[in-house]
Amino acid sequence: MGFFVDIEGDSPFKMYYEIHEPINKENAKNINVICVSGYTVEGWIWSSLVEVLIEQGYRVCTFDNRGCGRSDIPWGPYTTSLFASDTMWLMKKALKWNPEKTHIVSISMGGMITLEILASLAEGKFDSIFTADFIPNPPRKFLSASLLVTQSVGWRKFSGLPPLSGFKNATRIWNPFQSRAEKVQANMEITFTPKWLNSQSGKLHPKTQKPLTNRELIIRRGAKHFYSKKEEGFPPGPTLKGAAGQTWAIASHCVSQERLNKISQAHTPILVVAADKDRLVQYSSQKLLLKQLKPFEYLLLENSPHGVNEERSEEVNQAILRLFTHAEDIEKQSKAQKVKITTIIRSKL
């Protein structure tokens, strides 16, 4: 179900978000998951993961970042710190979720935003949002963090620039002389492998019952959202205004090693997923996170492109669930230890 919330802070705007409840309330975990999307893409890109998580009993929030989808498109430039603040305001004002009781999952630019969120939480920069009347103690971490095909630096360093093949395809996507169909094809080609696009999806056409390839399934799904937004009066596709703002956020992004150390010191269990054939984020930058963060798990997907949440969804989803189990076990042990310590102290009084 979709909702809107007025985001406060330095640059107010209206954000669109959706809540996906557990399928079976009897096995509901009472644990929340928030998913942060990437460059000019909307919350619905998480549909594959959402299906898995709500079946496992999680409550999931997906949302459209400022500058795309059904959210407002204010004038930029945007920054990843601004996106981070937006996400925190969403969690407090609309969701009323405590970050320390919430898993965060992110991809691409969303991963950059998540790194900024984790660093800022550790530094206490969001204490003014999560005030004492909302949470007794200001949060310093998330229950866990999943970082898919992302990096700690933006375009200010050479290592942060996309591979040359990525730039070439990007010019096709934003070429005003290309038809919409040509732009969609260019976007799919930069995100997925031809082999996967032409493989059977396991889904059937709802009317003809003809098997659909992954390419056909993605086109149908994209068209559904395109026309529904158009009917509702929202821009049906990415706008130049929104894309320009988000481009600046990627270009200016940088979470220093000092701030990455603060993330590590906050002890948020982290999953890093890297793709060695990514044409949008250099593999060397993704691999660097293994050294920078020392995550709980580093999953390298060989011969994989950028769209790991779709093309390698089974492996990625299972890795995310492994992280969740690990983080929740730590939380249980921590609570048990606190109870034990509290009991000992009380027995001495």
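Residues numbered from 1 in each chain as written. Predicted model: local features only at pLDDT ≥ 70, side-chain atom pairs only at ≥ 80, totals over all residues. Heavy atoms only, no water.

> Please explain helix α8 (residues 240-252) as it appears in this structure.
One full turn of an α-helix is made of 3.6 residues, so residues set three or four places apart face in the same direction. Its 13 residues give α8 an end-to-end C-alpha distance of 18 Å, which sits within 8% of 18 Å, the value for a rise of 1.5 Å per residue. In the core, the buried residues of α8 are packed alongside α2 (80-95) and α3 (109-123). (Helix = DSSP H or I, 4+ residues; strand = E, 2+ residues; numbered from the N terminus. Expected span 1.5 Å × (residues − 1). Contact = heavy atoms within 4.5 Å.)

> What is the right way to read the state of the cysteines from this model?
Among covalent bonds in proteins, the disulfide is the one between the sulfur atoms of two cysteines. Enumeration over the complete set of coordinates arrives at 0 disulfides. Distance from the sulfur of Cys61, which forms no disulfide, to the nearest cysteine sulfur (Cys35) is 8.0 Å. (Disulfide = S-S within 2.5 Å.)

> Is there a simple way to think about unusual backbone geometry in this case?
Only a minority of non-glycine residues have a phi that is not negative, and only a minority of peptide bonds are not trans. Of note, the bond from Gly76 into Pro77 is cis; its omega dihedral lies within 30 degrees of zero at 5°. Of note in this structure, Thr40 is not a glycine but carries a positive phi near 55°. A relative accessible area of 13% places Thr40 in the buried class. One non-glycine residue, Ser108, lies in the positive phi region at around 55°. Note on Ser108: relative accessible area 13%, which makes it buried. (Buried < 20%, exposed > 50% of the residue type's maximum accessible area, 1.4 Å probe, protein only.)

> Please clarify how the layout of surface pockets should be interpreted in this entry.
Any empty space left between the atoms is revealed when a probe the size of a water molecule rolls over them. There is about 560 Å³ of room inside the second largest pocket. Put simply, the parts of the chain that give the lining of the second largest pocket at least two residues each are β2 (13-20), α1 (47-55), β7 (200-204) and α7 (214-232). Of all the elements, α7 adds the most residues to the lining of the second largest pocket, at 7 residues. Each residue belonging to the lining of the second largest pocket can be placed in one class, and the counts come to 7 nonpolar, 10 polar and 8 charged. (1 Å grid on protein atoms, 1.4 Å probe; cavity = no way out; pocket = protein on both sides within 12 Å on 5 of 7 lines; lining within 4 Å. Points joined across faces, edges and corners; volume = space filled by probe spheres on them. Nonpolar A, V, L, I, M, F, W, Y, C, P; charged D, E, K, R; others polar.)

> For this particular structure, what's the right way to read empty space enclosed by the protein?
Counting across every chain of the model gives 2 cavities of 30 Å³ or more. Estimates place the volume of the largest cavity at around 70 Å³. Taken together, Tyr16, Glu18, Glu42, Gly43, Trp44, Thr62, Phe63, Asp64, Arg70 and His225 make up the full set of residues lining the largest cavity. Elements that contribute at least two residues to the lining of the largest cavity include exactly β2 and β4 (59-63). Class assignment for the residues of the lining of the largest cavity results in 3 nonpolar, 3 polar and 4 charged. By volume, the second largest cavity is sized at about 40 Å³. As for the second largest cavity, its lining consists of Ile45, Trp46, Ser48, Leu49, Leu148, Asn309, Val316, Asn317 and Ile320. It is helix α12 (residues 313-348) that contributes the most residues to the lining of the second largest cavity, 3 residues altogether.

> Can you walk me through the nonpolar core in this structure?
Nonpolar side chains tend toward joint burial in soluble globular proteins. With 46 residues, the main nonpolar core has Ile34, Met88, Leu90, Leu95 and Phe142 as its most contacted residues. Setting aside residues up to four positions removed in sequence, Phe142 forms contacts with Ile34, Met88, Met91, Pro99, Glu100, Thr102, His103, Ile104, Ile117, Leu118, Leu121 and Thr268. Counting residues in each nonpolar core, the second largest holds 29 residues, with Leu271, Leu299, Val308 and Ala319 among its members. (Core = buried A, V, L, I, M, F, W, Y, C linked by side-chain atoms within 4.5 Å.)

> Where do I start with the packing of α2 against α3 in this structure?
Helix packing for two helices is described by the angle between their axes and how far apart those axes are. One way to put it is that α2 packs onto α3 with a least axis distance of 8 Å and a crossing angle of 75°. In terms of their interaxial angle, α2 and α3 are classed as roughly perpendicular. Residues Thr80, Ser81, Phe83, Ala84, Thr87 and Met88 of α2 form the contact with α3, whose own contacting residues are Met109, Met112, Ile113, Glu116, Ile117 and Leu121. Residues that form the contact of α2 with α3 fall into these classes: 8 nonpolar, 3 polar and 1 charged. (Axes fitted to C-alpha atoms, helices over the stretch in contact; angles between N-to-C directions. Parallel < 35°, antiparallel > 145°, perpendicular 65-115°, else oblique.)

> What am I meant to see in the packing of aromatic side chains here?
For any pair of aromatic rings, the description consists of the separation of the ring centres together with the inter-plane angle of the planes. All told, the structure shown has 8 aromatic pairs when counted by the stated rule. Ring geometry for Tyr58 versus Phe324: centroids 5.2 Å apart, planes at 65°, classification edge-to-face. Residue Tyr58 is found in the loop between α1 and β4, and its partner Phe324 is found in helix α12; the two are separated by 266 residues along the sequence. Given a relative accessible area of 0%, Phe324 falls into the buried group. (Phe/Tyr/Trp six-rings, centres within 6.5 Å; stacked < 30°, edge-to-face > 60°.)

> Please explain the confidence of the model for the protein as it appears in this structure.
Interpretation of this model should avoid reading the predicted coordinates in detail wherever pLDDT is low. Per-residue confidence for the protein averages 91 on the pLDDT scale, and 95% of its residues sit at or above 70. With pLDDT under 50 throughout, residues 339-349 is counted as low confidence; its partners more than four residues away or in other chains account for 0 contacts. (pLDDT = per-residue confidence, 0-100.)

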